[in-house]
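# A look at the structure
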Amino acid sequence: MFPDRLTTGYQAFLDGRFSSERARYEMLAERGQRPEIMVVGCVDSRVSPEVIFDAAPGELLVVRNVANLIPAYEADADSQHGTSAALEFGVQALRVKHIVILGHALCGGVRAFADEQQPLSPGDFIGRWMSQIAPAADRLGPRKGQDFHDFLRRLEFATVDLGLRNLMTFPFVRSRVEAGELALHGALFSVSTGRLLVRDPENGLFRPMADPERTRSLLRCS
């Protein structure tokens, strides 16, 4: 049987959002999608880009994978690349103007890499996928002597930085960035506080997105 939660949720969608935004859905069906922003996020069920950014249908092109990773460009690889295909679609077909890599705190994929424990699953697709962040970990220096939780937090930020560097290995991304037609952004979301940190492209630091007073108020309430 189809899950009851989805059945009731769909009915609520029909009666609520679809009903109130029907004209928008009809327009999207007739004209197609034209999102200007692409978000690469994590599959973590707690971190939905559409919810975080209060997006309407058709506003965001979202691709999600374990730990919001961007693989480096490979021109002639035999393996399949779902994220790379989505980037190609967003950049070359839809001509998005922004790509945002949205990391998050308490990422299980990043922790799986940092823990260096046994595979999370028998086939260990996760371990092989997460091995891509080794260059990010290397940039943080030797782990010996570092507080584990501090290292984990820094690795979450470093993974976003690595994704931004890997984006520039795609010729179709680099050419549009250099032409001023595409901007790349990094951000990290805190599940427990709702705080969004956005990467400053000038110095690589992540700073709170919200008004400082509002951010402090949210933190006090959490």
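### Side note on unusual backbone geometry
Trans peptide bonds make up most of the peptide bonds, and negative phi angles are found at most residues other than glycine. Its identity is not glycine, yet aspartate 54 carries a phi of approximately 50 degrees, on the positive side. Relative to the helices and strands, aspartate 54 resides in the loop between helix H3 (49-52) and strand S2 (60-65). In this structure, leucine 106 is a non-glycine residue whose phi angle is positive, near 60 degrees. Note that leucine 106 resides in the loop between strand S3 (98-104) and helix H5 (108-115).

### Quick look at the confidence of the model for the protein
Mean pLDDT over the protein: 90, with 91% of residues reaching 70 or higher. In this model residues 217-222 is a low-confidence stretch, pLDDT under 50, and it forms 5 contacts with partners more than four residues away in sequence or in other chains.

### So, the nonpolar core
One broad trend across soluble globular proteins is that nonpolar side chains are buried collectively. Membership of the largest hydrophobic core comes to 23 residues, with the highest contact counts inside it found for Leu87, Ile99 and Leu167. Sorting the residues of this core by element identifies strand S1 (37-42), S2, helix H4 (82-93), S3, helix H8 (148-167) and helix H9 (171-178) as the ones contributing at least two each. The leading source of residues in this core is H8, at 4 residues. The residues contacting leucine 87, other than those within four sequence positions of it, are Met38, Ile70, Gln92, Ile99, Leu167, Phe170 and Phe172. Core analysis: the second largest hydrophobic core is formed by 17 residues, Cys107, Phe151, Leu152 and Ala158 among them.

### Quick look at the pairing of strand S4 (residues 183-189)
Across 7 bridges, the pairing between S3 and S4 is parallel. Bridging across to S4, valine 100 finds its partner in histidine 185. Sheet topology note: the S4/strand S5 (residues 196-199) ladder contains 3 bridges and is antiparallel. Among the inter-strand pairings, leucine 188 is bridged to a residue of S5, identified as leucine 197. Joining the antiparallel neighbours S4 and S5 is a turn of 6 residues, in which glycine 194 adopts a positive phi near 80 degrees.

### Digging into the packing of H4 against H9
As a packed pair, H4 and H9 sit with axes 10 Å apart at the nearest point and diverge in direction by 35 degrees. Note on packing geometry: the crossing formed by H4 with H9 is left-handed. Contacts between H4 and H9 pair Leu87, Glu88, Val91 and Gln92 from the former with Phe172, Val173 and Arg176 from the latter. For the contact of H4 with H9, a count of residues per class yields 4 nonpolar, 1 polar and 2 charged.

### Quick look at the environment of arginine 128
Secondary-structure assignment places arginine 128 in helix H6 (residues 125-130). For arginine 128 and phenylalanine 113, which are 15 residues apart along the polypeptide, the C-alpha to C-alpha distance reads 9.5 Å.

### Looking at the side chain of histidine 104
Of note, histidine 104 is situated in strand S3. When near neighbours in sequence (up to four residues on either side) are disregarded, histidine 104 contacts Cys42, Asp44, Arg46, Val47, Asn68, Glu156, Leu188, Phe189 and Val191.

### So, the sheet that holds S4
Sheet architecture is open: 6 strands sit in the order S2-S1-S3-S4-S5-S6, paired in mixed fashion. Every other strand in the sheet has two partners, leaving S2 and strand S6 (206-208) as the edge strands with one partner each. On average, adjacent strands in this sheet sit at an angle of 25 degrees to one another, irrespective of strand direction. Of the strands in this sheet, S1, S2 and S3 are in contact with H4, which crosses S2 at around 170 degrees. H8 contacts S3, S4, S5 and S6 of the sheet and is inclined by roughly 165 degrees relative to S4.

Cut-off values and rules
Residues numbered from 1 in each chain as written. Predicted model: local features only at pLDDT ≥ 70, side-chain atom pairs only at ≥ 80, totals over all residues. Heavy atoms only, no water. Helix = DSSP H or I, 4+ residues; strand = E, 2+ residues; numbered from the N terminus. pLDDT = per-residue confidence, 0-100. Contact = heavy atoms within 4.5 Å. Core = buried A, V, L, I, M, F, W, Y, C linked by side-chain atoms within 4.5 Å. Buried < 20%, exposed > 50% of the residue type's maximum accessible area, 1.4 Å probe, protein only. Pairing = 2+ DSSP bridges. Axes fitted to C-alpha atoms, helices over the stretch in contact; angles between N-to-C directions. Left-handed = near helix turned anticlockwise from the far one by under 90°. Nonpolar A, V, L, I, M, F, W, Y, C, P; charged D, E, K, R; others polar.

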